[in-house]
Amino acid sequence: MPTCTALIVAAGRGSRFGGPLPKQYALLGAQPVLRRTLAALQAIPGIDRLRVVIAAGDEGHYRAAAEGFDLPPPILGGPSRQLSVLNGLEALTTDAPDLVAIHDAARPFVQATDIAACLEAVAAQGVDGAVLGIPLADTLKRVTDKGTISATIPRDNLWRAQTPQIFRFAPLLQAHRDAAALGATETTAFTDDAAVAERAGLKVVMVAGSGDNTKITTAEDLQRASTMETRTAFGFDVHGFAPGTAVMLGGLSIPHVQTLGGHSDADVGLHALTDAILGTIGAGDIGLHFPPSDPQWRGASSDRFLKHALGLLAERGGRVIHLDLTLICEAPRIGPHREAMVNSIARIAGISRERVSVKATTTEGLGFTGRREGIAAQAVATVEVPRS
Ligand code: MG
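Source: prediction; values computed, not measured.

> I'd like to hear about a nonpolar patch on the surface, residue by residue, with values.
A surface patch of nonpolar side chains, amounting to about 360 Å² of accessible area, comprises Phe234, Phe236, Val238 and Phe368. Of the residues forming the nonpolar patch, the biggest block, three residues, is contributed by strand 12 (residues 228–243). Its place among the elements puts Phe368 in helix 12 (residues 367–370).

> Outline the domain arrangement of the chain, supporting the account with residue identities and numerical values.
Split into domains, the chain comes out as domain 1 (4–226) and domain 2 (228–386). One C-alpha centre belongs to domain 1, the other to domain 2, and the line joining them spans 48 Å.

> Which residues make up the coordination of the magnesium ion, and what values go with them?
Within the protein, the atoms that donate to the magnesium ion are Asp237 (OD), His239 (NE2) and His271 (ND1), at distances of 2.1 to 2.3 Å. Counting gaps between the donor residues of the magnesium ion yields the pattern D-x1-H-x31-H. Pair noted here: His239 is in strand 12 and His271 is in helix 8 (residues 268–280), with a separation of 32 residues, a long-range link. His271 sits in the buried class, given a relative accessible area of 6%.

> Can you lay out the packing of aromatic side chains for me, pointing to particular residues and giving the numbers?
Going through the model one piece at a time under the given rule, you end up with three aromatic pairs. On the basis of an interplanar angle of 85 degrees and a centroid distance of 4.7 Å, the ring pair of Phe290 and Trp297 is categorised as edge-to-face. Neither residue differs from the other here; Phe290 and Trp297 are each classed as buried. Considering the side-chain rings of Trp297 and Phe305, the 6.0 Å spacing of their centres and the 80 degrees angle between planes classify their relative orientation as edge-to-face.

> For the nonpolar core, give the residues involved together with the corresponding values.
Residues Leu249, Ile277, Leu323, Met341 and Ile345 are the most contacted members of the largest nonpolar core, which totals 42 residues. Only strand 13 (246–249), strand 14 (252–255), helix 8, helix 10 (303–315), strand 16 (319–328), helix 11 (338–349), strand 17 (356–361) and strand 18 (374–386) provide two or more residues apiece to this core. If one sorts the elements of this core by residue count, helix 8 sits on top with seven residues. If sequence neighbours within four positions are ignored, Ile277 has contacts with Leu306, Ala309, Leu310, Leu313, Val320, Leu323, Ala381 and Val383. In this structure, Cys4, Ile8, Val122 and Leu132 belong to the second largest nonpolar core, which totals 32 residues.

> Residues and numbers for unusual backbone geometry, please.
For residues besides glycine, phi is generally negative; the peptide bonds are generally trans as well. Here the amide bond leading from Thr163 into Pro164 is cis, since omega sits at 10 degrees, within 30 degrees of zero. Counting through the fold element by element, Pro164 comes out in strand 10 (residues 159–168). Notably, Glu364 is not glycine yet its phi reads approximately 55 degrees, a positive angle. Take Glu364: it is sitting in the loop between strand 17 and helix 12.

> Lay out the pairing of strand 1 (residues 4–10) in plain terms, naming residues and giving numbers.
Side-chain positions along a regular strand alternate between the two faces of the sheet. Across the seven residues of strand 1, seven count as buried, placing the element largely inside the fold. On strand 1, burial covers both faces: Cys4, Ala6, Ile8 and Ala10 on one face and Thr5, Leu7 and Val9 on the other are all buried. Sheet analysis places strand 1 next to strand 6 (residues 99–104), joined by six bridges and oriented parallel. The residue bridging Ile8 from the neighbouring strand is His103, located in strand 6.

> Got a sec to walk through the pairing of strand 17? Specific residues and values, please.
Direction of pairing for strand 16 relative to strand 17: parallel, over a ladder of six bridges. Along strand 17, the bridge assignment pairs Leu327 with Ala360. Once you follow strand 16 into helix 11 and on to strand 17, the crossover reads as right-handed.

Rules of the game
Residues numbered from 1 in each chain as written. Predicted model: local features only at pLDDT ≥ 70, side-chain atom pairs only at ≥ 80, totals over all residues. Heavy atoms only, no water. Patch = residues over 30% accessible without salt bridge, like charges linked within 9 Å, V, L, I, M, F, W, Y side chains within 5 Å. Areas by Shrake-Rupley, 256 points an atom, 1.4 Å probe, with all protein chains shown as cover. Salt bridge = Lys/Arg side-chain N within 4 Å of Asp/Glu carboxyl O. Helix = DSSP H or I, 4+ residues; strand = E, 2+ residues; numbered from the N terminus. Domains from an automatic or database assignment. Donors = N, O, S within 2.8 Å, 3.2 Å for Na, K, Ca; no water. Buried < 20%, exposed > 50% of the residue type's maximum accessible area, 1.4 Å probe, protein only. Phe/Tyr/Trp six-rings, centres within 6.5 Å; stacked < 30°, edge-to-face > 60°. Core = buried A, V, L, I, M, F, W, Y, C linked by side-chain atoms within 4.5 Å. Contact = heavy atoms within 4.5 Å. Pairing = 2+ DSSP bridges. Right-handed = clockwise from strand over helix to strand, strands pointing away.

Structure (structure tokens):
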């Protein structure tokens, strides 16, 4: 396995970003963008070391963003991106890796699978570098300074180059040294490392990315990326029948020749929904929050359990997008009560009825539900929560 150091370029001033901090130090959710990028790269097999290139004067921001990471001191960048990378490469020469993965600090969503694909591509015989990119989907126009379209540029074979860009270390270092020797005018001309490598005649291949590798360039990008993520989780529950005259299902009392046995009111539907909600925020299961051994939950109305789970979700700034409940039993018949059950769950959850689905099925006489020994419920909750 070749050694690979990730060189994270965080020395930009972000003229298009316009915030009080350079974009790589701005908060994305609760964490600086750079911190998220470090965490993403640290978790990737095949990358064994991380180094960061920062701008002089940003040491305080860097310390805050990298706190808790076991990293060597940052490397100070130069007057252009190209020269910042050169400084980074020079700093690695004392213990040179086989490969260097150059990555923008402002791409915190980089996917492990995409990096693995680049590592695989660069391992091929005769290949010096691999660049993550996306085929161009939009039509390209050349536009005059006055805003008039002067030409349409064929987009065949055009790609947007992203990072990481992974190279064999020694040839890239030489290519960068040669490029820097060209002088001041040219040293700002290379906007990525592939351009430096291409100039040196190195063989660099393009690797198609999965697409989720947004670069945070403007405050709007940060806003969009900061907001919410969607999560889905599953819940399951079973209660057995016991002597009685009605069952609680979805917060409704439905007349039946038996009841459901259990410590609480045994509302198997609300229990499954509660577990699904808890699952979206990794908050354990219903038994953890309401232990059956605790006498205070004897006969408890299960809407309390669902409301508790929803309260935990709300505390995290989340909200329900959709609840889907499937009840599995031969009897009672659910169809006549379906609409009322949808309304009941929507009311308990404080959401519109369009966000609630109730379905029912039998098991064709098979198994414990088929033998009318009890009712099973499955639930899927879809929620959105702030990116953590
Ligand atoms: Mg239960």
